[in-house]
Amino acid sequence: MISGTHAILYSNDAEVDRQFLLELLGTPHVDAGDGWLILKLPPAEVAVHPTEGAPKQELYLMVDDADAFVRDLGERGVDVVAPVSDQGWGRVLTFRLPSGAPLSAYEPRHDTAHSLPD
């Protein structure tokens, strides 16, 4: 039986990105050995969308308030590279991890599945 989801972000500076996400998420973590932190994520959900192009995967952090999240990122000195845009289904933004890698977040406007009972 599936017990969870494990997401991997590949980074050119994994240590600094790990520390950043540790502070940003504020969730518990485990050390898998030699400083390889695995951070607890908030509840998750998965969607499958059709595509005409090559199959791919995307990772978004879900936020309650995109504007407040952007303000928090600004206070942390984080570069927001794609400001909040309204996509109808939600409000999306992209920011840079300390390594320079992009990561997106969105404020959903649709019902979410992540808190449904099992």
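In this report, the structure presented in the accompanying data block is examined. (Residues numbered from 1 in each chain as written. Predicted model: local features only at pLDDT ≥ 70, side-chain atom pairs only at ≥ 80, totals over all residues. Heavy atoms only, no water.)

## Side note on the pattern of salt bridges
Condition: By definition, a salt bridge exists where a carboxyl oxygen of Asp or Glu is found within 4 Å of a side-chain nitrogen of Lys or Arg. Buried, partly exposed and exposed residues are distinguished by accessible area as a fraction of the type maximum, computed with a 1.4 Å probe on protein chains only: under 20%, between the cut-offs, and over 50%, respectively. Numbering of helices and strands starts at the N terminus; helices are DSSP runs of H or I of at least 4 residues and strands are runs of E of at least 2.
Using the criterion set out here, one finds six salt bridges in the structure. The salt bridge involving E58 is made with K56; its shortest N-O contact spans 3.2 Å. This pair shows no difference in class: E58 is exposed, exactly as K56 is. With a closest N to O distance of 2.7 Å, D86 and R109 form a salt bridge. Here D86 is found in strand β4 (residues 80–86), whereas its partner R109 is found in the segment after β6 (102–108), with 23 residues between them in sequence. Using a relative accessible area of 49% as the deciding quantity, one classes D86 as partly exposed. Of the residues examined, R109 reaches a relative accessible area of 44% and is grouped as partly exposed. One network of salt bridges, in which partners are shared, links D67, R91 and E107.

## A short note on the pairing of strand β5 (residues 90–96)
Rules: For two strands to be treated as a pair, DSSP must find no fewer than two bridges joining them.
A large share of β5 lies buried, amounting to six of its seven residues. One ladder, built from four bridges, connects β4 with β5; its direction is antiparallel. Bridged to V80 within β5 is F95. Between β4 and β5, which pair antiparallel in sequence order, lie three residues; one of them, G88, sits at a positive phi of approximately 85 degrees. Of the pairings in the sheet, the one linking β5 to β6 comprises seven bridges and is antiparallel in character.

## Remarks on helix α2 (residues 66–75)
Heads up, the condition is: Summarising the geometry, the arc corresponds to the directions from the helix axis toward the C-beta atoms. Contact criterion: two residues are considered in contact whenever any of their non-hydrogen atoms come within 4.5 Å of each other.
If you check which residues of α2 are buried, you get A66, F69 and L73. In a view along the axis of α2, the buried residues occupy a sector of 60 degrees, so they form one face of it. Counted as exposed and oriented over 90 degrees from the buried face of α2: R71 and E75. The inward-facing, buried residues of α2 contact α1 (14–25), β4, β5 and β6.

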